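Survey of secondary and tertiary structure
Spelled out, the chains give:
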There are 2 protein chains.
Amino acid sequence: MEGEPLSALCTPALVVDVDKVKRNAQRMIQRCNKLGVQLRPHMKTHKTLECADVMTGGSRRCIVVSTLAEACFYADHGFDDILYAYSLPFDKVERCAALSERLDLFQVLLDHPEALEQLKNRPLRNGRQWHVWLKLDCGNGRAGVLHSEPEALSLARAVSLTDGVELTGVYAHCGNTYNCRGVEQIHAVAQETTTFTLQFMEKLKAVGITCKSSIGSTPSCSHPVDDMSQLSEVHPGNYVFYDTQQSVIGSCCLEDIAVRVLTRVIGHCPHRNQLLIDCGWCGLSLDGAGKLPTGYALIEGHPDLKLVSMTQEHGRVEPISGPLDYSKYPLGSLLTLIPYHACATAMMHPVYYVHSEGRLVGKWTPTRGW
Amino acid sequence: MEGEPLSALCTPALVVDVDKVKRNAQRMIQRCNKLGVQLRPHMKTHKTLECADVMTGGSRRCIVVSTLAEACFYADHGFDDILYAYSLPFDKVERCAALSERLDLFQVLLDHPEALEQLKNRPLRNGRQWHVWLKLDCGNGRAGVLHSEPEALSLARAVSLTDGVELTGVYAHCGNTYNCRGVEQIHAVAQETTTFTLQFMEKLKAVGITCKSSIGSTPSCSHPVDDMSQLSEVHPGNYVFYDTQQSVIGSCCLEDIAVRVLTRVIGHCPHRNQLLIDCGWCGLSLDGAGKLPTGYALIEGHPDLKLVSMTQEHGRVEPISGPLDYSKYPLGSLLTLIPYHACATAMMHPVYYVHSEGRLVGKWTPTRGW
């Protein structure tokens, strides 16, 4: 298959432009170098070894994951310094302990005193310590203890005072940048998250605690504010692929997007003024419903077309206005979808087809599950 | 793991009640026996060997699949008489030919004269014939040639007159039953699809063509109309699991639903009157958005709770009204989600955990891809 054109692929197929992946990764590395912060790339978007190598510059160190299955997968393949950035799940403490005892540096995250109790109840062997990040909610409104609440400081102190547990850092995810439109708004959220985090670090310092700090999201790390240089780390992930959503937010240009779903025309439906394609939600995901004027995706080179609906293995495409010119879309011809949300689309594929300038260079196989 | 309770599972986890699976399968077999039609169960919902065995009563014969990957998977494991019920994709003709030459009975489907040309251009070896179903659109509005158009009859004739190709049957999917609410509406669509299909069979007979006929969808086959006894086959699939959507349509009762997603409480957010659970769209899919008063799923035993939003690995749950009583949902406690669409939810899981009366009895591993 290597050396063949993309048109040799059966569809639907997730295709990854390795040159764009490398460029996106390199730019983030350079941006972080310039800021003077450690980049800890997130693996959740792709969950592959090859892309992790690109994002870590081959070091296989200093990554963040969203599931314990990812943590184990990377650990099994020689990665280390892994942060499992997910509020410690009580059903997975033993598996976390095993990784902590096995790796040089496995790190967990928590946002509740009961999670600390779970760690106390499972002291690590061989003189090892639990490495713990405190999850702070700086306005994102998902996990984390509210930065402004006294509980945040008291939990940080409790962690740092517990035998066998080390407060490694303070972690905030600014997923609220996904509501931004344009760099100005991204900067505002990045600034707010950074300010709240740094204020919290000051509070910690005032009670004699020093540790690392990290914020992250692809929009904020694509357009960092100067104050982010005072953080220890950042942890974006999606940037290695980017997607239509990120272009709408303003994190990237359309040309930066490294992933596509190849699909073929499998039906002409003139009585409905529609085409059928062989990509349904099984190949694209349902993410992005109602978000784009072109429907569930952009159809590359055809801004006049809209992916209006999908079932498991079918997509219905119609013109945004006017009658469809079927002669332009013969049965069997290829169309290229630029996904709304690369994380969601990649998740649907058991293998990614990797190309350079349209020629296949390999396959990447992601890990799945929890 | 066998014999352990479901609470031993790490979450999120897709759990399958094997007794309900067997009961749902048995009822469909009995329903079809009573009607006197051949059941050709669809594999797309689960894509596992074990569930296929239950649905075929152990015969490993007479199934329908939605992807060629499924066809190959089942063929590799001793299944035969496989219908690939997807408008012949021009990129997969060679793979279809290989299956046709290898199995006793591999069947394809088409709805366009160009697809017939593709088959002519790839005659089968060893005196084999292509077994072809004509896809008819009887009002569903997706794939298929419109039952009322002269092109339908002329395509059927062209297939039956082509050397090396056999017109095996006429196939209609009544996916439009998914818009029904209640048995009366289901009956109306089932009747309409059946009538249109049987009328088309009469037209074929008038020009000297006889072949099989098949319609299907879980709603119509859960509540068949008498005239369906005049068909050769039916091809439902989802019924083996059922789901909340099917209960809303009226195909089943909530008690018939054989799948759940187990999830755990991982966060308390009193400032937002919310819980966080460890199931996001990665464990449930985004199917069903806006369809249920309880959000993306039913939370079993908690009709007062709503799954209001999900990100990749997090779900936000809040009361439909009033304040949340957190003492009822300790961190680490289990909640059980009844999915809106079992096909979409199952697709997100690399393994299904199978239980009988709450005790684990095994794991099923689905196939993926195309």
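The name an unreviewed UniProt entry assigns to chain A is D-serine dehydratase, from the organism Gouania willdenowi. Taken directly from UniProt, the Catalytic activity (unreviewed entry) text for chain A runs: "D-serine = pyruvate + NH4(+)". Per UniProt, the comment on chain A under Sequence similarities (unreviewed entry) is "Belongs to the DSD1 family."

This part is about the layout of surface pockets. Reported here for the second largest pocket is a volume of approximately 470 Å³. Lining the second largest pocket are 30 residues, with A:His268, A:Pro270, B:Asp111, B:His112 and B:Val145 positioned closest to its centre. Broken down by secondary-structure element, the contributors of at least two residues to the lining of the second largest pocket are β11 (259-269) of chain A together with α5 (113-120), β7 (145-146) and α6 (150-161) of chain B. Of the residues forming the lining of the second largest pocket, the biggest block, 6 residues, is contributed by β11(A). Split by residue class, the lining of the second largest pocket holds 16 nonpolar, 8 polar and 6 charged.

What follows covers the pattern of salt bridges. Under the definition given, this model contains 36 salt bridges over all chains. Here B:Arg272 and A:Asp137 are joined by a salt bridge, their closest N and O atoms 3.8 Å apart. Of the two residues, B:Arg272 sits in the loop between β11 (259-269) and β12 (274-277) while A:Asp137 sits in strand β6 (residues 130-137), which places them in two different chains. For B:Arg272, a relative accessible area of 21% corresponds to the partly exposed category. Judged by its relative accessible area of 2%, A:Asp137 falls in the buried class. Ionic pairing is found between B:Arg60 and B:Asp53, a salt bridge with its closest N-O pair at 2.7 Å. On the basis of relative accessible area, B:Arg60 is assigned to the partly exposed category, the value being 25%. On the basis of relative accessible area, B:Asp53 is assigned to the partly exposed category, the value being 24%.

Contact residues are listed per partner, giving 53 residues for chain A and 52 residues for chain B. When residues of chain A are sorted by the area they lose upon contact with chain B, A:Tyr86, A:Arg142 and A:Trp370 head the list and together hold 18% of the total. For A:Lys92, the salt bridge is made with B:Asp278, and the minimal N-O distance between the two is 4.0 Å. In this assembly, chain A and chain B are joined by 22 residue pairs in polar contact (both at pLDDT 80 or more). Counting only elements with at least two residues in the side of chain A that touches chain B, the list comes to β4 (80-87), β11, β12 (274-277), α10 (281-284) and α11 (342-347) of chain A. The residue inventory of the side of chain A that touches chain B, partitioned by class, reads 21 nonpolar, 16 polar and 16 charged.

On to the packing of helix α3 (residues 68-76) of chain B against helix α4 (residues 93-102) of chain B. A pair of packed helices is characterised by two quantities: the angle between their axes and the separation of those axes. Residue and element names in this part refer to chain B. Look at α3 against α4: their axes get within 11 Å of each other, and the N-to-C directions meet at 25°. Relative to α4, the element α3 lies roughly parallel. Along this stretch, α3 crosses α4, giving a crossing that reads as left-handed. Residues Leu-68, Ala-69, Ala-71, Cys-72, Ala-75 and Asp-76 of α3 pack against Arg-95, Cys-96, Leu-99 and Arg-102 of α4. Taken together, the residues that form the contact of α3 with α4 break down as 7 nonpolar, no polar and 3 charged.

A few words now on the environment of B:Ile63. Residues and elements named next belong to chain B. As for its placement among the helices and strands, Ile-63 is situated in strand β3 (residues 61-65). Counting along the chain gives 184 residues from Ile-63 to Ser-247, while the straight-line C-alpha distance between them is 25 Å. Among all residues touching Ile-63, those that are not within four sequence positions of it are Arg-40, Pro-41, Met-43, Thr-56, Tyr-74, Phe-79, Asp-81, Ile-82 and Leu-83.

Cut-offs applied
Residues numbered from 1 in each chain as written. Chains lettered and ligands numbered in written order. Predicted model: local features only at pLDDT ≥ 70, side-chain atom pairs only at ≥ 80, totals over all residues. Heavy atoms only, no water. UniProt positions renumbered as here; feature names shortened; annotations may be inferred. 1 Å grid on protein atoms, 1.4 Å probe; cavity = no way out; pocket = protein on both sides within 12 Å on 5 of 7 lines; lining within 4 Å. Points joined across faces, edges and corners; volume = space filled by probe spheres on them. Helix = DSSP H or I, 4+ residues; strand = E, 2+ residues; numbered from the N terminus. Nonpolar A, V, L, I, M, F, W, Y, C, P; charged D, E, K, R; others polar. Salt bridge = Lys/Arg side-chain N within 4 Å of Asp/Glu carboxyl O. Buried < 20%, exposed > 50% of the residue type's maximum accessible area, 1.4 Å probe, protein only. Contact = heavy atoms within 4.5 Å. Buried area = accessible area lost by both parts, 1.4 Å probe. Polar contact = N/O pair within 3.5 Å; in protein donor to acceptor, adjacent residues only side chain to side chain. Axes fitted to C-alpha atoms, helices over the stretch in contact; angles between N-to-C directions. Parallel < 35°, antiparallel > 145°, perpendicular 65-115°, else oblique. Left-handed = near helix turned anticlockwise from the far one by under 90°.

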